[in-house]
Amino acid sequence: MADSLERRVAIVTGAGGAIGGAIAQRLIAAGARVMLADENDQSLSAAVANLKAPAEQVAKFHVRAHDRLGAANMLAATLDAFDDVDILVNIPRSTQPGSFADLDGAGLSEALQLNVVNSFLLAQAVARHLVERLEADRDAYPGTILNVSSIAARRTVPELLAYSVSCAGLDQLTRSMSADLASYGIRVNGIALGAVMTERMRQVLRERDDLRAELVRVTPLGRIGEAEEAAGVALFLLSSAASFVTGEIVTVDGGRSVLDPLASPVR
């Protein structure tokens, strides 16, 4: 599987976080060159410093604008650094909690912008580049896109309304993109994460003493997942081992989705 990503070029957004950093590390270990992108420049620089990789395999892009121009600039920076792009990994952001009664329109709009519109704009820019490359050379590598989502998209947790709705939108974006791009051979998949140990999860666990035990209780595998485990599934979907897989949302939650919903944050 590692050989299938040799010299491929990937963009990983949210790379300053645990999951983005773990995915970037897996891609690098598989031979890919990676553009790490994040809006938090400090976290981004720390993630780059922590990577085990030759300097020529890594570049970083500090995201300053989440709009069409920002997506174009990220793509241009990747092309400048590595001359091409083959893979995109979109990682959504956690949003402020709030129930239907408490949440205002601005909060919902922000979540949709962060996790659906931003992912759409960057995926569209990358997909157009891939299509142009394929139209110029029918034997070119078609490329692949991965959207990282959450089981919150399918579970009713009232205080996570904005995040849940935005993740559901991202999942549908994944399916729609896969149908549109399949004729070019471009694959689009997603992974839906359950409780994975991230900076946000650690913060929530500190705030709620009882949450760790409850998460473990309702997860058949009996523990919270690690970012590296999510990255392993991401690597599979991005590699040639998944060459006949597209439009799928793969659940990575230790079996939690087969049980009754837990009314608490999932990430």
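Residues numbered from 1 in each chain as written. Predicted model: local features only at pLDDT ≥ 70, side-chain atom pairs only at ≥ 80, totals over all residues. Heavy atoms only, no water.

Novice: How should the overall build of the protein be read in this particular structure?
Specialist: A count of helices and strands for the protein gives 8 helices and 7 strands. Dimensions along the principal axes, computed over C-alpha positions, put the protein at roughly 55 × 35 × 35 Å. Across the 267 residues that make up the protein, the buried fraction comes to 52%. Across the protein, the fraction of contacts at a sequence separation of at least 24, relative to all contacts at a separation of at least 6, is 75%. Surface accessibility of the protein: about 12,200 Å² in total, with carbon and sulfur atoms responsible for 52%. Taken as two groups, the 25 positive and 32 negative side-chain charges of the protein have centres that lie 3 Å from each other. (Helix = DSSP H or I, 4+ residues; strand = E, 2+ residues; numbered from the N terminus. Buried < 20%, exposed > 50% of the residue type's maximum accessible area, 1.4 Å probe, protein only. Contact = heavy atoms within 4.5 Å. Areas by Shrake-Rupley, 256 points an atom, 1.4 Å probe, with all protein chains shown as cover. Lys, Arg positive; Asp, Glu negative; His and termini not counted. Charge placed at Lys NZ, Arg CZ, Asp CG, Glu CD.)

Novice: Honestly, the packing of helix 4 (residues 105–136) against helix 5 (residues 161–181) in this entry has me stumped. Any pointers?
Specialist: For any two helices packed against each other, the geometry is given by the interaxial angle and the distance between the axes. One can describe the packing of helix 4 onto helix 5 by two numbers: an axis separation of 8 Å at closest approach and a directional angle of 20°. If you check the angle between helix 4 and helix 5, you find them roughly parallel. Of the two elements, helix 4 crosses helix 5, and the hand of that crossing is right-handed. Touching G107, L108, A111, L112, N115, V116, S119, F120, A123, A127 and V131 of helix 4 are L161, A162, Y163, V165, S166, G169, L170, L173, M177 and L181, all from helix 5. Tallied by class, residues from the contact of helix 4 with helix 5 come to 16 nonpolar, 5 polar and no charged. (Axes fitted to C-alpha atoms, helices over the stretch in contact; angles between N-to-C directions. Parallel < 35°, antiparallel > 145°, perpendicular 65-115°, else oblique. Left-handed = near helix turned anticlockwise from the far one by under 90°. Nonpolar A, V, L, I, M, F, W, Y, C, P; charged D, E, K, R; others polar.)

Novice: Looking at this model, I keep getting lost on the pattern of salt bridges. Mind explaining?
Specialist: Any two side chains of opposite charge can pair, so long as their charged atoms come close to each other. Enumeration according to the criterion identifies 6 salt bridges in this entry. A salt bridge links D41 to K60, with the shortest nitrogen-to-oxygen separation between them at 3.9 Å. One end of the pair, D41, is in helix 2 (residues 41–50); the other, K60, is in strand 3 (residues 58–62), with 19 residues separating them in the sequence. E214 is the salt-bridge partner of R217, the closest N and O atoms lying 2.7 Å from each other. Taken together, the residues R217 and E214, both in helix 7 (residues 211–218) and 3 residues apart, mark about one turn of the helix. We classify R217 as exposed; its relative accessible area is 57%. Take E214: its relative accessible area is 25%, and that puts it in the partly exposed class. One salt-bridge network, in which partners are shared between bridges, spans D84, D86 and R133. (Salt bridge = Lys/Arg side-chain N within 4 Å of Asp/Glu carboxyl O.)

Novice: When you look at the sheet that holds strand 2 (residues 33–38) in this model, what are you seeing that I'm missing?
Specialist: What holds strands together in a sheet is hydrogen bonding between their backbones, with the strands either parallel or antiparallel. A sheet is described by the order of its strands in space; here 7 strands give the open sequence 3-2-1-4-5-6-7, paired in parallel fashion. Looking along the sheet, the strands with just one partner apiece sit at the ends: strand 3 and strand 7 (249–252). Between one strand axis and the next, the sheet turns through 20° on average, direction left out of account. With 4 bridges connecting them, strand 6 (residues 187–193) and strand 7 associate as parallel partners. Its bridge partner lying in strand 7, A192 is registered against T251. This element, helix 4, spans strand 1 (9–12), strand 4 (87–90) and strand 5 (144–150) of the sheet and lies at about 175° to strand 4. (Pairing = 2+ DSSP bridges.)

Novice: Before we go on, may I ask you to explain the nonpolar core in this structure?
Specialist: Nonpolar side chains tend toward joint burial in soluble globular proteins. Membership of the largest hydrophobic core comes to 35 residues, with the highest contact counts inside it found for I23, L27, V34, L36 and V89. When contributions to this core are tallied by element, the ones reaching two or more residues are strand 1, helix 1 (18–29), strand 2, helix 2, strand 4, strand 5, strand 6 and helix 8 (227–238). When residues of this core are assigned to their parent elements, the largest contribution, 7 residues, is made by helix 8. In this structure, A59, L75, F82 and L173 belong to the second largest nonpolar core, which totals 30 residues. (Core = buried A, V, L, I, M, F, W, Y, C linked by side-chain atoms within 4.5 Å.)

Novice: Looking at this model, I keep getting lost on unusual backbone geometry. Mind explaining?
Specialist: A negative phi angle characterises most non-glycine residues, just as the trans form characterises most peptide bonds. Phi is positive for R7, which is not a glycine, with a value near 70°. In this structure R7 comes out as exposed when scored by relative accessible area, which is 52%. A positive phi angle, close to 75°, is found at D83, a residue other than glycine. Along the polypeptide, D83 turns up in the loop between helix 3 (68–82) and strand 4.

Novice: It is not clear to me how the layout of surface pockets should be interpreted in this structure. Could you clarify?
Specialist: In this approach the atoms are scanned with a rolling probe the size of a water molecule, which exposes any empty space left behind. Taken as a whole, the second largest pocket encloses approximately 340 Å³ of empty space. Broken down by secondary-structure element, the contributors of at least two residues to the lining of the second largest pocket are helix 1, helix 2, helix 6 (199–207) and helix 8. By residue class, the composition of the lining of the second largest pocket is 8 nonpolar, 6 polar and 5 charged. (1 Å grid on protein atoms, 1.4 Å probe; cavity = no way out; pocket = protein on both sides within 12 Å on 5 of 7 lines; lining within 4 Å. Points joined across faces, edges and corners; volume = space filled by probe spheres on them.)

Novice: Just checking my understanding: could you explain the environment of I151 for this structure?
Specialist: With respect to the helices, strands and loops of the structure, I151 is situated in the loop between strand 5 and helix 5. You can call I151 buried: its relative accessible area is 0%.

Novice: Would you take a moment to explain helix 5 for this structure?
Specialist: The α-helix advances 3.6 residues per turn, and as a result positions three or four apart in sequence lie on the same side. The end-to-end C-alpha distance of helix 5 is 30 Å, a good match for the 30 Å that 21 residues give at a rise of 1.5 Å each. Those residues of helix 5 that sit buried are A162, Y163, S164, S166, C167, L170, D171, L173, T174, M177, S178 and L181. In this fold, the buried residues of helix 5 make contact with helix 4, strand 5, strand 6 and strand 7. (Expected span 1.5 Å × (residues − 1).)

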